[in-house]
Amino acid sequence: MIRTLIADDEPLITAGIRTVLESAGDIEVVAVAGDGREAVRAAQRHRIDVALLDIAMPVMNGLAAAAELKGPRVVFLTAFGDEDNVRRAVRQGVSGFVLKTCTPDELIGAVRAAHAGHAYLSPAVARQVLDLAAPVAGERERDAADRLATLTAREADILALVAQGLSNAEVARHAHMTEASVKTYVSRILAKLNCANRVQAALLLRDARSPG
């Protein structure tokens, strides 16, 4: 069972998320919280595998709470229009983002992916996050280009597909590879680029392509 914490300051949303997750069969909601501070305390009392956090919460927001959580994978709930917080969360390194308007299957998939150690970014959020990446120049752009230059041609092709927000299965279909091979490539790419997850790797690619 995937032991999960839900933190959101809207009880109706929390109840709905709990119902969806517990319908999966392999996910157990062991704690709920109405703010970030309460979420941190709940995580200290329970063994949590995945923490599903709203970014905008009173007392302590999701970003601050995530920084204090030790152990659980963090998936953020977000909404369009929350650009500043989304950008900060990406730079901080998170296990995933899902929109509050996502489908039940997507929400369950995000929790499972985070538990398995993979970063999950819903396609809609992927487009938003990549659009947020402001053009960069000078030293930052050169650094991104230098890091990407360490990749082989095949690795660069895989990264380009990942940067489109495609899942491993979708990358496998496009690249005519097995999903297991794609996972190996992605792990190698992240290690070479010194990126915490595929979202950061996608932003690095965007940085390198920005006009100087």
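Residues numbered from 1 in each chain as written. Predicted model: local features only at pLDDT ≥ 70, side-chain atom pairs only at ≥ 80, totals over all residues. Heavy atoms only, no water.

(A) Just the pairing of strand 2 (residues 27-33), in detail. Taking burial as the measure, the 7 residues of strand 2 include 5 buried ones, the bulk of the element. With 6 bridges connecting them, strand 1 (residues 2-7) and strand 2 associate as parallel partners. Residue pairing across strands places Leu-5 opposite Ala-31, the latter belonging to strand 2. Where the polypeptide runs from strand 1 across helix 1 (residues 11-22) and back to strand 2, its parallel neighbour, the crossover connection is right-handed. (Buried < 20%, exposed > 50% of the residue type's maximum accessible area, 1.4 Å probe, protein only. Helix = DSSP H or I, 4+ residues; strand = E, 2+ residues; numbered from the N terminus. Pairing = 2+ DSSP bridges. Right-handed = clockwise from strand over helix to strand, strands pointing away.)

(B) Here's a closer look at helix 10 (residues 179-193). Counted at 1.5 Å a residue, the expected span for helix 10 with its 15 residues is 21 Å, and the 21 Å between its end C-alpha atoms agrees. Burial in helix 10 covers these residues: Val-182, Tyr-185, Val-186, Ile-189, Leu-190 and Leu-193. Buried residues of helix 10, seen end-on, are gathered within an arc of 130° and therefore sit on one face of the element. Within helix 10, the exposed residues directed more than 90 degrees away from the buried face are Ala-180 and Ala-191. The first or second residue beyond helix 10 is Asn-194, which carries a positive phi of 60°. (Expected span 1.5 Å × (residues − 1). Arc of directions from axis to C-beta.)

(C) Layout of the sheet that holds strand 3 (residues 50-54). The 6 strands lie next to each other as 2-1-3-4-5-6, forming an open sheet whose pairing is parallel. Every other strand in the sheet has two partners, leaving strand 2 and strand 6 (120-121) as the edge strands with one partner each. As paired strands, strand 3 and strand 4 (residues 73-78) are joined by 5 bridges and run parallel to one another. Each bridged residue has a counterpart across the sheet, and for Leu-53 the counterpart in strand 4 is Phe-76.

(D) Seen up close, the pairing of strand 1. For strand 1, the tally of buried residues reaches 6 of 6 residues, placing the bulk of the element in the interior. Here strand 1 shows two buried faces, one formed by Ile-2, Thr-4 and Ile-6 and the other by Arg-3, Leu-5 and Ala-7. Sheet topology note: the strand 1/strand 3 ladder contains 4 bridges and is parallel. Looking across to strand 3, one finds that Ile-6 is bridged to Leu-52.

Scope: geometric values only; no functional claims are made or implied.
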